[in-house]
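What follows is each chain in one-letter form.
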Amino acid sequence: DRVNNIQCLVDLMSTKQIFTFRNNFTATKRNIIFNNPIKLNPDRHYEAALIYMDVYNSLKNITADNNKFYYATTQAANPVWNTITITPGAYQMNDINSYIQLRIRQNEALAAGAADPITLSANITTNRVDITIISAYSVDFSQPNSLKDMFGFDPIPIKTNGTTSRTRSARLVSFNAIVIKPDLTKTEFLNGKPSTALHSCSAFKVPIGYKMFEKPNPPIYLPLAKKYINKFKVWITDENGNTLDFD
């Protein structure tokens, strides 16, 4: 502790060195390489902080991991399942339902006045998703990359006319925070796990499609882990360490 206190005093009395790194990139994993490496004084204490982040909120809740909807036009024992692949993007419940209904109408050449055989709707009161099936159609949530986790459905087929409600809550998004993690700083802890997180903020400070400007006030400085910087990595993840997709 005494040595640390002396070092802090030396840093306060010395002329400070300030380096600002500004990078424009869309990928949420980025290697940043310096043609002229930065050599820091090994006897001095250095810290890093996020000054600002400027990005459009285009976070996707539908990805290649959960964009399949499987249905059949019969409730027989072994039906032939049709697959609807939803284009990855940021969707509300009504958007997903409309997408699926449109594809079914196109696939099955339904008449203009015919009722939609499958309807997905949000029950705001219970935070559940209801699925209504008519005309002896079936839905299968046991298939790979289905919407079951988002909607709270069990991994089983549904072959019952009428409305079925799930017991698990729907989660249209599986994350709440944006975490910026460069490998420049010393390991801290996030949700009880080692992390190089430099800053975190709400993922939904602005609606989807709007520009997000995040500027910590004041910036929070963390100890630097390197004294020789020829490259470093930056990850943008959620609070669980999953890489976020802004593309």
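Preceding this section is the structure that the text describes.
What you are looking at is a predicted structure, and each value in this text was computed from that prediction instead of being measured.

Chemist: Describe helix H2 (residues 93-108), with residues and values.
Modeler: Side chains that are three or four residues apart share a direction in an α-helix, a result of its 3.6 residues per turn. Between the first and last C-alpha of H2 there are 23 Å, a value that for 16 residues agrees with the 22 Å anticipated at 1.5 Å per step. All of the buried residues in H2 are Met93, Ile96, Asn97, Tyr99, Ile100, Gln101, Ile104 and Arg105. Two residues or fewer after H2 comes Ala109, characterised by a positive phi angle close to 50°.

Chemist: An account of the environment of Gly152 is needed here, citing residue identities and associated values.
Modeler: Note on placement: Gly152 falls in the loop between helix H3 (148-151) and strand S9 (157-158). Each C-alpha atom of the pair Gly152 and Ser169 lies 5.5 Å from the other, and the pair is 17 residues apart in sequence. Once you skip the residues sitting within four places of it in the chain, Gly152 turns out to touch Arg166, Arg168 and Ser169.

Chemist: Give a description of the pattern of salt bridges that names residues and reports values.
Modeler: Tallying each qualifying case throughout the model produces six salt bridges. A salt bridge links Lys211 to Asp54; the nearest nitrogen and oxygen atoms lie 3.6 Å apart. On the criterion of sequence distance, the pair formed by Lys211 in strand S15 (residues 211-214) and Asp54 in strand S3 (residues 53-56) is long-range, its members being 157 residues apart. Judged by its relative accessible area of 46%, Lys211 falls in the partly exposed class. Overall, the relative accessible area of 40% leaves Asp54 in the partly exposed class. Here Lys148 ties to Asp149 by a salt bridge, and the two come within 3.1 Å at their closest N and O atoms.

Chemist: Hey, could you go over the nonpolar core for me, with residue numbers and the actual values?
Modeler: Core analysis: the biggest nonpolar cluster contains 27 residues, and Met53, Ile178 and Ile229 have the highest contact counts within it. For this core, the elements supplying multiple residues, two or more each, are strand S1 (29-39), S3, strand S11 (177-182) and strand S17 (228-237). With four residues, S17 is the single largest residue contributor to this core. Setting aside residues up to four positions removed in sequence, Ile178 forms contacts with Met53, Leu59, His199, Ser200, Cys201, Ser202, Ala203, Met212, Ile236, Thr237, Leu244 and Phe246. With 25 residues, the next largest nonpolar core counts Phe69, Ile84, Tyr99 and Ile133 among its residues.

Analysis parameters
Residues numbered from 1 in each chain as written. Predicted model: local features only at pLDDT ≥ 70, side-chain atom pairs only at ≥ 80, totals over all residues. Heavy atoms only, no water. Helix = DSSP H or I, 4+ residues; strand = E, 2+ residues; numbered from the N terminus. Expected span 1.5 Å × (residues − 1). Buried < 20%, exposed > 50% of the residue type's maximum accessible area, 1.4 Å probe, protein only. Contact = heavy atoms within 4.5 Å. Salt bridge = Lys/Arg side-chain N within 4 Å of Asp/Glu carboxyl O. Core = buried A, V, L, I, M, F, W, Y, C linked by side-chain atoms within 4.5 Å.

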